[in-house]
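# Analysis of the macromolecular model
Okay, here's what each chain looks like letter by letter:
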Amino acid sequence: MHHPAGPPDDDSGTLFGLDALGPRPAGASPGTGRPPRAEPHLDSAAARRLLPVREIFAEPAAAASPRGRQIIARHPGARVTPVRSHWNIPGLHGNEGSVERWVRIKGETLVLGEKKTLATRPNGRSADWIAPGTSNGCAMACAYCYVPRRKGYANPVTVFTNIDRILAHLARHVAGQGRKPEPNQCDPEAWVYDIGENGDCSVDALICDNTADLVHAFRQWPTAKASFATKFVNPGLLALDPRGRTRVRFSVMPPDDSRLLDVRTSPVAERVAAAADFLDAGYEVHFNLSPVVVRPGWEGAWAELLDHLDDVLPPRVKRQAAAEVIMLTHNRELHEVNLGWHPRAEDVLWRPELQQAKRSQNGALNVRYRDGAKGEAVRTLRSLVEARAPWLRVRYAF
Ligand code: SF4
């Protein structure tokens, strides 16, 4: 899925005076922007800072499963509370009483559940297929994130512990497709499966081996490729040996926007600086130019970001890179929640004069840039890419 923030030039950890946001995750090496050397990811400083887990809500079967036991054992100080379902946990999911606490909840709470319905859905834009995710929710807190729209706003990571069933489902799906009959923009040869629709696989890899298991599974499937977008640089992923069968899509946006909107993520310069390390470790590395937020001066900010990509990425990264361009969509309910904890983000995200609303099937009011304005912004961004980073093939833009 997705797109992510952090506030103005302030790495002190007190963002907008909200201590709850916690410091930037460890991993940035000031000055170089390069990620630190790989360390055992599950016990890394990044994991401890981003996920100081104190409370685990668990369905009994999930808690008893090997993956569940593994996760619980890693947090001996956490209270484990049994729940009947990983959905609708009172006091956790939903809005009430949690607006000020919801970012803290993201770091201090995990939910363990079993994914009951396993389905792979066709997509055709970002990937050919959307795989059943092994998680839902995220420890980061991008102000525009669509994941909480369905789940309630305090939206910590739910880990699905029945990874073996998910892998078996995927194996059957991959076998059922056979070879890809013809190239498309997703990939010239492989069927591409998005494995991170409702979370961030790099963060999930701080919690347990679900991401590693997926990366290892796709290595055995020559007709398929895993793909996930991320805003977090987790050096632990460098040790997974994906052998070209996993595509990492680093989401990037101008650093000023990111500091305002991408709460708790890795700084954009660090994501860009990590690209070569991920390529050298065996990943395919693409970029998500997303979300594109139209605000005064946005064109200049994107031009600078594209110049930065052009300056710092080595030729071997550029040769294989491609990008998705995704214009911001927003949502009235999320807008109202954000006003409670991060109103400055809404100055740029909520622009009724530029946006049109569409009521979705579940009654939510989603907004996106008006047709004319959106088309023009997409054209502007495409020409900026052509002028500033002509090596960056735009796979699709919408
Ligand atoms: S990084 Fe997490 S919070 Fe941000 S957009 Fe992605 S899933 Fe949402």
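Up top is the structure these notes are about.
A few points on the structure. (Residues numbered from 1 in each chain as written. Predicted model: local features only at pLDDT ≥ 70, side-chain atom pairs only at ≥ 80, totals over all residues.)

Taking strand neighbours across the sheet as the criterion, the three strands line up as β15-β17-β16 in an open arrangement whose pairing is antiparallel. The outermost strands of the open sheet, each flanked by one partner alone, are β15 (329–331) and β16 (355–359). Neighbour-to-neighbour, the strand axes of this sheet turn through a mean angle of 30°, independent of strand direction. In this structure, β16 lies alongside strand β17 (residues 365–369), joined through five bridges in antiparallel fashion. Its bridge partner lying in β17, K358 is registered against N366. Sheet strands touched by helix α13 (residues 332–341): β15 and β17. Its angle to β15, the strand with the most contacts, is close to 75°. (Pairing = 2+ DSSP bridges. Helix = DSSP H or I, 4+ residues; strand = E, 2+ residues; numbered from the N terminus. Axes fitted to C-alpha atoms, helices over the stretch in contact; angles between N-to-C directions. Contact = placed C-beta atoms within 7 Å.)

A few words on unusual backbone geometry. With the exception of glycine, the majority of residues adopt a negative phi angle, and the majority of peptide bonds are in the trans configuration. Here the amide bond leading from S290 into P291 is cis, since omega sits at -15°, within 30 degrees of zero. The phi dihedral of D241 falls on the positive side, at around 55°, and the residue is not glycine. Looking at where D241 falls in the secondary structure, it is placed in the loop between β10 (224–230) and β11 (246–252). Its identity as a non-glycine residue notwithstanding, R243 has a phi of 50°, on the positive side. Tracing the backbone shows R243 in the loop between β10 and β11. In this structure R243 comes out as partly exposed when scored by C-beta crowding, with 13 C-beta atoms within 10 Å. (Buried ≥ 20, exposed ≤ 12 C-beta atoms within 10 Å, placed from the backbone.)

Turning our attention to the nonpolar core. Judged by nonpolar contacts, the single largest core of 109 residues is most densely connected at L110, L112, Y193, A275, V285 and V292. Ranked by residues supplied to this core, first place goes to helix α10 (residues 268–280) with seven residues. Those residues in contact with V285 that sit more than four places away from it in its chain are V248, F250, A275, F278, L279, V317, Q320 and A321. (Core = buried A, V, L, I, M, F, W, Y, C linked by C-beta atoms within 7 Å.)

Before going further, it helps to examine the packing of helix α11 (residues 298–312) against helix α15 (residues 371–388). Axis separation between α11 and α15 bottoms out at 9 Å; the angle between their running directions is 35°. The way α11 lies across α15 gives a crossing that is right-handed. Contacts between α11 and α15 involve E299, W302, A303, L306, D307 and D310 from the former and T380, L381, L384, V385 and R388 from the latter. In terms of residue class, the contact of α11 with α15 is built from six nonpolar, one polar and four charged. (Left-handed = near helix turned anticlockwise from the far one by under 90°. Nonpolar A, V, L, I, M, F, W, Y, C, P; charged D, E, K, R; others polar.)

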